[in-house]
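Geometric and topological summary
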Amino acid sequence: MCTVCGCGDAPKFDAHGHDHDHGHGHSHPHSHDHHYGLGAAGVSVAGMTQARLIEVETDILAKNNAYADGNRRVLRALGAYAVNLVSSPGSGKTTLLCKTIEALGAAPLAVIEGDQQTSNDADRIRATGAQAVQINTGKGCHLDGHMVGHAMDQLVLKPGSFLFIENVGNLVCPAAFDLGEDAKVAVLSVTEGEDKPLKYPDMFTAARLAILNKIDLAPHCDVDLALYEANLRRVNPSIDILRVSARTGEGMAGWLGWLRARMVEKTLRKAG
């Protein structure tokens, strides 16, 4: 049982024609009739003590971390750089990703798409010419290390590739689940409200970079971008912040430069 989020059904890998049986140690048999914020585990589940909930959650995360470490070893051996893109629904992750793929040109890359249902986003990615695997999580609200490792098996990852993992739109559970990525990148639409980092501090504490997306809308929405950045740094003083409009291209050079610099850093670490 995933006490982090209380999410539901086992995920399905529609990209390669068979169900994924969630063999990473939990089947997500959760009821959505529960109350958040009660007790040390943060949730209340009928028939389970807080001590047992914490024990179960710890076991889940430990199993997940073992799978994530396996993913990390594969990526390290390839010299690949993996980005876990996290956000609320509607932040513009997929548009940003499509524009990024186009801008990176001949750079080797692959994409893992996470959504509860449909292959719409994976179809958009494949339309750019990039390879993509869709993970459908059903009622589940996050990707985990085992799902991502299974998806990586379906991809042809070349040495020195970028691997983009577009997580399920959710600012809660993905913060707790390591996928083996090199960095979490949190994407915020400027229309979401300047207090979003304060409401969901775990996600922005876990993120290495925050992208303030859709900045072309800022003049029309009475948005205080400086306050956005101040709140991000309140919860994570070391976070990198970029202002971007995937639609107009503003700020994309900074994002591409950030990616390339992180790839160089990883290559130098591997060589050293």
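As shown above, the structure is provided for reference.
This is a predicted model, so every value here is computed, not measured.

For the chain, the helix and strand inventory stands at 8 helices and 11 strands. In the chain, which comprises 272 residues, the proportion classed as buried is 54%. Carbon and sulfur atoms form 52% of the exposed surface of the chain, whose accessible area is close to 11700 Å².

Another point: unusual backbone geometry. Although it is not a glycine, Thr-118 adopts a positive phi angle of roughly 70 degrees. By the element assignment, Thr-118 lies in the loop between β6 (109-115) and α3 (120-127). We note that Asp-222 has phi near 55 degrees; this positive angle belongs to a residue other than glycine.

Let us now look at the nonpolar core. One finds Leu-96, Ile-125, Phe-162, Phe-164, Val-185, Trp-255 and Trp-258 to be the most contacted residues of the largest nonpolar core, which totals 30 residues. For this core, the secondary-structure elements that each account for two or more residues are β5 (81-87), α2 (93-104), β6, α3, β8 (162-166), β9 (183-189), β10 (209-213) and α8 (252-271). Considering each element in turn, this core owes the most residues, 6 residues, to α8. If you look at the next biggest cluster of nonpolar residues, it comprises 20 residues, including Val-86, Leu-188, Ile-215 and Ile-241.

Let us look at the pairing of strand β11 (residues 240-243). Note that β10 and β11 share 4 bridges and pair parallel. Paired with Leu-212 across the bridge in β11 is Arg-243. Chirality of the crossover, the property in question, places the unit of β10, helix α7 (residues 225-235) and β11 among those that are right-handed.

Counted by the stated rule, this structure contains 2 aromatic pairs. On the numbers, 6.0 Å between centres and 20 degrees between planes, the contact of Phe-162 with Phe-164 is stacked. Of the two residues, Phe-162 and Phe-164, both sit in the buried class. Residues Trp-255 and Trp-258 carry aromatic rings whose centres are separated by 6.0 Å and whose planes lie at 20 degrees to one another, so their mutual orientation is stacked.

Let us now look at the environment of Arg-269. Its place among the elements puts Arg-269 in helix α8. Arg-269 gets classed as exposed once you look at its relative accessible area, which sits at 52%. Arg-269 sits 190 residues away from Gly-79 along the chain, and the two C-alpha atoms are 9.8 Å apart.

What follows deals with α7. Along α7, the residues classified as buried are Leu-225, Tyr-228, Glu-229, Asn-231, Leu-232 and Val-235. Burial along α7 is one-sided: seen end-on, the buried residues are contained in an arc of 165 degrees. For α7, the elements touching its buried residues are β9, α5 (196-199), α6 (201-206), β10 and β11. Its side-chain oxygen at 3.2 Å from the backbone nitrogen of Ala-226, Asp-224 defines the N-terminal cap of α7.

When the terminal C-alpha atoms of α2 are compared, their 16 Å separation across 12 residues agrees well with the 16 Å that a helix rising 1.5 Å per residue should span. Those residues of α2 that fall on the buried side of the exposure criterion are Lys-93, Thr-94, Leu-96, Leu-97, Cys-98, Thr-100, Ile-101 and Leu-104. Gly-105 lies just past α2 and shows a positive phi near 60 degrees.

A word on the packing of α2 against α8. Across the interface, α2 lies against α8 with an axial gap of 11 Å and an inter-helix angle of 70 degrees. Our classification of the angle between α2 and α8 gives roughly perpendicular. Facing α2, whose interface residues are Leu-96, Lys-99, Thr-100, Ala-103 and Leu-104, α8 presents Met-252, Trp-255, Leu-256, Leu-259 and Arg-260. Per-class residue counts for the contact of α2 with α8 are 7 nonpolar, 1 polar and 2 charged.

Below, the discussion takes up the pattern of salt bridges. A full pass over the atoms with the stated rule returns 13 salt bridges. Taking the shortest distance from any N to any O, the salt bridge between Arg-126 and Asp-123 comes out at 3.2 Å. Here Arg-126 pairs with Asp-123, and both are found in helix α3, just 3 residues apart, close to one helical turn. Using a relative accessible area of 33% as the deciding quantity, one classes Arg-126 as partly exposed. For Asp-123, a relative accessible area of 38% translates into the label partly exposed. Put simply, Asp-69, Arg-72 and Asp-178 are held in one network by salt bridges that share partners.

Calculation criteria
- Residues numbered from 1 in each chain as written.
- Predicted model: local features only at pLDDT ≥ 70, side-chain atom pairs only at ≥ 80, totals over all residues.
- Heavy atoms only, no water.
- Helix = DSSP H or I, 4+ residues; strand = E, 2+ residues; numbered from the N terminus.
- Buried < 20%, exposed > 50% of the residue type's maximum accessible area, 1.4 Å probe, protein only.
- Areas by Shrake-Rupley, 256 points an atom, 1.4 Å probe, with all protein chains shown as cover.
- Core = buried A, V, L, I, M, F, W, Y, C linked by side-chain atoms within 4.5 Å.
- Pairing = 2+ DSSP bridges.
- Right-handed = clockwise from strand over helix to strand, strands pointing away.
- Phe/Tyr/Trp six-rings, centres within 6.5 Å; stacked < 30°, edge-to-face > 60°.
- Arc of directions from axis to C-beta.
- Contact = heavy atoms within 4.5 Å.
- Polar contact = N/O pair within 3.5 Å; in protein donor to acceptor, adjacent residues only side chain to side chain.
- Expected span 1.5 Å × (residues − 1).
- Axes fitted to C-alpha atoms, helices over the stretch in contact; angles between N-to-C directions.
- Parallel < 35°, antiparallel > 145°, perpendicular 65-115°, else oblique.
- Nonpolar A, V, L, I, M, F, W, Y, C, P; charged D, E, K, R; others polar.
- Salt bridge = Lys/Arg side-chain N within 4 Å of Asp/Glu carboxyl O.

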